[in-house]
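The primary structure of each chain is shown beneath.
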Amino acid sequence: GNRGETFRVHQGAALFGDQRVEGIVLDMNRARLREGPEPGEWMFLTGPRRLVIVVESPGGSSPYTGWGRIGEEDFRWPEVLVEWSSVRSFEEARRDVPVEWEIRSLGSLDGGLELTLASAGMELRAEEGAGPILPVNGLYQVTGWAVLDGDSLEVQGLVRHVQR
């Protein structure tokens, strides 16, 4: 990123007692100025052929950006449009939250990206707030499809959702 943010993808394993679960690990370092906006949302998706996609919003009114890799081939999408295609009511915060997303790159030189994601599970929390509509912080497990340079691939992953 332009402020020193780094995203690293590793093969790794988690140990739960005597059980070992192997998979892909995202090591994310996001920088922010003290007076700058809180970091925004991010999406981390994996798929076949060693596919990895990261979509993030640095926060504030900044647009989403994206990065991806299939095997050793890298892709960058400097501007990504993220739209909620379906929502549900989250009564605790008195607002709607997304349950499906449509995502596409705009004006990319690295080939187009299109994502269709749906929630497979979520953990949402209403934060403290001054008004009747409260901020939301959540983590979704998602599944869906990525169309990358004309190739359609099944994906799964995580979405960190923030509404302020």
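A brief look at the structure comes next. Computed from a predicted model, the values in this text were never measured in an experiment.

Structural notes on unusual backbone geometry
In step 1: With a phi close to 60°, Arg-49 is a non-glycine residue in the positive phi region.
In step 2: Structurally, the position occupied by Arg-49 is in the loop between strand S3 (42-47) and strand S4 (51-56).
In step 3: Phi is positive for Arg-94, which is not a glycine, with a value near 60°.
In step 4: Within the secondary structure, Arg-94 is located in the loop between strand S6 (73-90) and strand S7 (95-105).

With respect to the nonpolar core
In step 1: Within the largest apolar cluster, 30 residues are counted, with the highest numbers of intra-cluster contacts made by Ile-53, Trp-101 and Leu-117.
In step 2: Elements represented by at least two residues in this core include exactly S3, S4, strand S5 (64-70), S6, S7, strand S8 (113-126), strand S9 (136-148) and strand S10 (151-163).
In step 3: When sequence neighbours within four positions are dropped, the list of residues in contact with Ile-53 reads Met-43, Phe-44, Leu-45, Trp-67, Gly-68, Trp-77, Leu-113, Leu-115 and Ala-146.
In step 4: Judged by nonpolar contacts, the second largest core, of six residues, contains Leu-26, Trp-42, Phe-44 and Trp-67.

Quick notes on the sheet that holds S5
In step 1: Around the barrel, eight strands lie side by side as S3-S4-S5-S6-S7-S8-S9-S10; this closed barrel has antiparallel pairing. For this sheet the average axis-to-axis angle between neighbouring strands, irrespective of direction, equals 25°.
In step 2: Here S7 pairs with S8 via five bridges, running antiparallel. Across the sheet, Arg-104 pairs through a bridge with Glu-114, a residue of S8.

Concerning the pairing of S7
In step 1: Inspection of the sheet shows S6 paired to S7 by ten bridges, in the antiparallel sense. Pairing of Ser-89 across the sheet is with Asp-96, part of S7.

Thoughts on the packing of aromatic side chains
In step 1: Per the counting criterion, the structure on display carries two aromatic pairs.
In step 2: Centre to centre, the rings of Phe-75 and Trp-77 are 6.0 Å apart; their planes meet at 5°, and the pair counts as stacked.
In step 3: Among the residues examined, Trp-77 registers a relative accessible area of 0% and is labelled buried.

Let's talk about a negative patch on the surface
In step 1: A surface patch of negative charge is lined by Glu-83, Glu-100, Glu-102 and Glu-114.
In step 2: Here Glu-102 falls in the partly exposed class, since its relative accessible area comes to 35%.

Some thoughts on the side chain of His-161
In step 1: Here His-161 shows up in strand S10.
In step 2: Exposure remark for His-161: the relative accessible area of 1% places this residue in the buried category.
In step 3: A polar contact of 2.5 Å, which involves the side chain of His-161, links it to the side chain of Glu-41.
In step 4: Look past the residues within four positions of His-161 in its chain and what remains in contact with it is Glu-41, Trp-84, Val-97, Pro-98, Val-136, Asn-137, Gly-138 and Tyr-140.

Section: the environment of Glu-92
In step 1: Within the element layout of this structure, Glu-92 appears in the loop between S6 and S7.
In step 2: Here the alpha-carbon distance between Glu-92 and Leu-134, two residues 42 residues apart in the chain, equals 8.1 Å.

The rules we used
Residues numbered from 1 in each chain as written. Predicted model: local features only at pLDDT ≥ 70, side-chain atom pairs only at ≥ 80, totals over all residues. Heavy atoms only, no water. Helix = DSSP H or I, 4+ residues; strand = E, 2+ residues; numbered from the N terminus. Core = buried A, V, L, I, M, F, W, Y, C linked by side-chain atoms within 4.5 Å. Buried < 20%, exposed > 50% of the residue type's maximum accessible area, 1.4 Å probe, protein only. Contact = heavy atoms within 4.5 Å. Pairing = 2+ DSSP bridges. Axes fitted to C-alpha atoms, helices over the stretch in contact; angles between N-to-C directions. Phe/Tyr/Trp six-rings, centres within 6.5 Å; stacked < 30°, edge-to-face > 60°. Patch = residues over 30% accessible without salt bridge, like charges linked within 9 Å, V, L, I, M, F, W, Y side chains within 5 Å. Areas by Shrake-Rupley, 256 points an atom, 1.4 Å probe, with all protein chains shown as cover. Salt bridge = Lys/Arg side-chain N within 4 Å of Asp/Glu carboxyl O. Lys, Arg positive; Asp, Glu negative; His and termini not counted. Charge placed at Lys NZ, Arg CZ, Asp CG, Glu CD. Polar contact = N/O pair within 3.5 Å; in protein donor to acceptor, adjacent residues only side chain to side chain.

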